[in-house]
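Structural overview for review
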Protein chains: 2
Amino acid sequence: MTQFMTSRFWNVSSAYGQLDGLEEIVESAKAAIRTLIGAEPNDEVIFTSGATESNVWAVAEGARRCTSCRWILSSQIEHPSINESLENLQKQGVEVRWVPVTRNGTFDLNKLADLVDYNLCFASLMFAHNETGVIQPLREAAILIRERAPQCLIHTDATQAIGKMPVSLLDELSMVDLISFSGHKFHGPKGIGGLIIRNGKTLQPLICGGGQQQNLRSGTINIPAIAGISAAATKCGKLLQENRHISIQLIRDKFEEHIRLHFPDVFILGKQAPRLPNTSFWGIPGIDADDFVYTSATHGIVIGKGSACSAQSLKPSHTAMLMGYSYDEASSLVRVSSSFDTSLNELIDFSDKIHESYP
Amino acid sequence: MTQFMTSRFWNVSSAYGQLDGLEEIVESAKAAIRTLIGAEPNDEVIFTSGATESNVWAVAEGARRCTSCRWILSSQIEHPSINESLENLQKQGVEVRWVPVTRNGTFDLNKLADLVDYNLCFASLMFAHNETGVIQPLREAAILIRERAPQCLIHTDATQAIGKMPVSLLDELSMVDLISFSGHKFHGPKGIGGLIIRNGKTLQPLICGGGQQQNLRSGTINIPAIAGISAAATKCGKLLQENRHISIQLIRDKFEEHIRLHFPDVFILGKQAPRLPNTSFWGIPGIDADDFVYTSATHGIVIGKGSACSAQSLKPSHTAMLMGYSYDEASSLVRVSSSFDTSLNELIDFSDKIHESYP
């Protein structure tokens, strides 16, 4: 990234940028993303400023397709960039139906089946949840949607999953048309993400102008960030091939056992569902999350309270309450996320330190 | 920037980010931008992924305000992010009136006066042109608009001017409500820009979700890029205070004289108008711009052919033709832009080298 910020700072669209081979940097980044998610060369990768932009863009396209009598499907536990965009559409008169969630944190597929009909034109259903880490039955949902509403454009926000677990556009994501991701979720830089466009679908741009990226997302191409996300995708792709996510999952499970030893009444959200290997979202009755997060920070340990987006919000996790947890329970929830570099010793040490703080 | 990409990579909205003082990085960047453009503390600075996003956002707000019988004003020579966004609105039935341009490359204020009436709800008029560098009579245009349409929301794309010449929200921009800018136009990083929101105006977000930046622009705050734009704004602000833009202008004028010595029939666009100090847009009859740009590149000199956005386009400058230049003339146009680091010797050397290539 430094190289492209200091000496090779040309505009990729300029003659000099072309001579310097900057287009190849973009192409190789797209290839690294495709490899990471098992995509094919005709799956288009369009870079955006991050998954929030990608999600808002996908919903805007859904709205454009939502002519009279047609409607949009989503779930009650989407990221706010989906949720709020859809609520804005509802205020404009667009019909949106929301899939509820089970106690395990997964979409209620029976309820989903009750909702879907031929007039569904756009569905946005997340792949892994940003707080619980619960992996959703997206394939099952997509099969159901495709059966009853074959023309429906299907989007998934896969931001939390991509780079943390193996995903494949040939497998669990095969029926999805649009996929959002963010670089900083897998050790890439902030300010870069993208939208994968598949199955020959055509979109109107959200951000138009200079015509960059096949006129799908204008604005000067952010080469340093693209070089960064490319390196991160390549690195995480290799680690996943080495099954390092399985080690991370084993470490996470051991950590949860250890927490339970210290705090027998801990409750772990989505424990019964498939989850991201690196995520643990739990609460200890009587310990407030804010207090817990700051106590952890004084030990040099960075954990979250729900999603970082809403860390400054006073309200506890909306998702936890939809899963059936009480306000008090939700108020104690903290999220521990490990990276490929996190060791079991670090997590055990953390567990012991918080036990000392809350004897 | 490196510091925030390697060791202080926390999410600014997380508890740890707050403890590490990342919010202060954002606040000090906003202060640096305000100082650069003579803004006051209540002029809100919202960071975006760049001026293209800022422009699209401003137009979206204009569209939202454009209820029946009301209309939008812009010019024929705006950046494509304004132009195309407005053309899309026209297709949806919104009335847009376009101010034409004079032979000098400035808005035709008489024609503008003929257009404006009470029902004008949004105006987007650029401050300095991205190809010619011509500084527009924005203050005069804004006075005229305010007189006849006091409620009109006025936006300017000041991307080309900010950081290259002194600008002031207390002076030539005092009547403007929204101002777009991009970091990479003044030695800042790519992927960061912003929209200044003034005079107590309220906007709907283009990109909503996590609620960052007072819910005006959601998405994880791009701290490394914000640290970068902050440093660039501070540095350019100091150079402008030292009147370094005047030296740059003198060097540019000398360079143009030198080019004319070698190529007596050179024609320089906007030569009779106030221009950005660092920009020179000209053609030599009979020499094709593409050939010229690549010849310059082989000498290690990076120049543009019109705007970088459209460098890959086969069409010559739209703006030049609107100014009354022929297709052939427009096909020879190249743009030489210098930075605060460019020396007269470098420009004279360039002039001599191209004279050797085109004897």
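As a starting point, this report considers the structure included with it. Keep in mind it's a predicted model, so treat the numbers as computed, not measured. Each chain carries its own residue numbering, running from 1 in the written order of its sequence. Think of it this way: whatever chain is written first is A, whatever ligand is written first is 1, and the rest follow in order. Side-chain atom pairs in this predicted model are given and counted only at pLDDT of 80 or more, local residue features only at pLDDT of at least 70, and totals for whole chains, interfaces and linings cover all residues. Hydrogen atoms and water are omitted, and side-chain values are computed over all heavy atoms in the structure.

Right, let's get into the sheet that holds strand E7 (residues 193-197) of chain A. Residues and elements named next belong to chain A. By this definition, two strands are paired if DSSP reports at least two bridges between them. Counting from the N terminus, the helices are DSSP H or I runs at least four residues long and the strands are E runs at least two residues long. Pairing within the open sheet is mixed, and its seven strands lie in the order E1-E7-E6-E5-E4-E2-E3. For this open sheet the edge positions go to strand E1 (44-48) and strand E3 (95-99), each flanked by a neighbour on one side alone. On average, each strand axis in the sheet is tilted by 20 degrees relative to the strand beside it, whichever way the strands run. Sheet topology note: the strand E2 (residues 71-75)/E3 ladder contains five bridges and is parallel. Counterpart to Ser74 in the pairing with E3 is Trp98. The angle between two axes is taken between their N-to-C directions and runs from 0 to 180 degrees, where each axis is a line fitted to C-alpha atoms and a helix contributes only its stretch in contact.

Bringing the sheet that holds strand E10 (residues 333-337) of chain B into the picture now. Residues and elements named next belong to chain B. Pairing is antiparallel across the open sheet formed by three strands, whose spatial order is E8-E9-E10. Here the strands that pair on one side only, and so sit at the sheet edges, are strand E8 (267-268) and E10. By the bridge criterion, two bridges tie E8 to strand E9 (residues 279-283) in an arrangement that is antiparallel. Paired with Ile268 across the two strands is Trp282, which belongs to E9.

Next up on the list: the interface of chain B and chain A. Pairs of residues are marked as contacts when any of their non-hydrogen atoms sit within 4.5 Å. Contacts between chain B and chain A engage 50 residues on the former and 50 residues on the latter. Summing the contributions of chain B and of chain A, the shared interface buries around 4000 Å²; its carbon and sulfur component is 62%. For this document, the term salt bridge refers to a Lys or Arg side-chain nitrogen within 4 Å of an Asp or Glu carboxyl oxygen. On the surface where chain B and chain A come into contact, there are zero salt bridges. Polar contact is the term for a pair of N or O atoms within 3.5 Å; when the atoms are in protein, one must be able to donate a hydrogen and the other to accept it, and sequence-neighboring residues count only if both atoms are side-chain atoms. The interface formed by chain B and chain A contains six residue pairs in polar contact (both at pLDDT 80 or more). Of all elements in the fold, only helix H2 (15-19), helix H4 (51-65), helix H5 (80-91), helix H8 (223-241) and helix H10 (289-298) of chain B reach the threshold of two or more residues within the side of chain B that touches chain A. Of the residues forming the side of chain B that touches chain A, the biggest block, five residues, is contributed by H5 of chain B. Classification used: nonpolar for Ala, Val, Leu, Ile, Met, Phe, Trp, Tyr, Cys and Pro, charged for Asp, Glu, Lys and Arg, polar for all others including Gly. Of the residues assigned to the side of chain B that touches chain A, the class counts are 24 nonpolar, 21 polar and five charged. Note: buried area is the sum, over both parts, of the accessible area (probe 1.4 Å) each one loses when the two are combined.

Residues and elements named next belong to chain B. Only centres within 6.5 Å qualify two rings of Phe, Tyr or Trp (six-membered ring in Trp) as a pair; their planes then separate them into stacked at under 30 degrees, edge-to-face at over 60, and tilted for everything else. Under the defined criterion, the tally for this structure stands at 14 aromatic pairs over all chains. A ring pair is formed by Phe255 and Phe350, whose centres lie 5.8 Å apart and whose planes are at 15 degrees; its orientation type is stacked. Of this pair, Phe255 sits in helix H9 (residues 244-262) while Phe350 sits in helix H13 (residues 344-357), and the two are 95 residues apart along the sequence. Taken individually, Phe255 and Phe350 each receive the classification buried, so the pair is uniform in this respect. Between Trp282 and Phe292, the aromatic rings sit 5.5 Å apart at their centres with planes inclined by 85 degrees, giving edge-to-face as the arrangement. Separated by 10 residues along the polypeptide, Trp282 in strand E9 and Phe292 in helix H10 bring together distant segments of the chain. Among the residues examined, Trp282 registers a relative accessible area of 1% and is labelled buried. Exposure is judged per residue with a 1.4 Å probe applied to protein chains only, and the accessible area is read against the type maximum: over 50% gives exposed, under 20% gives buried, and values in between give partly exposed. Judged by its relative accessible area of 2%, Phe292 is buried.

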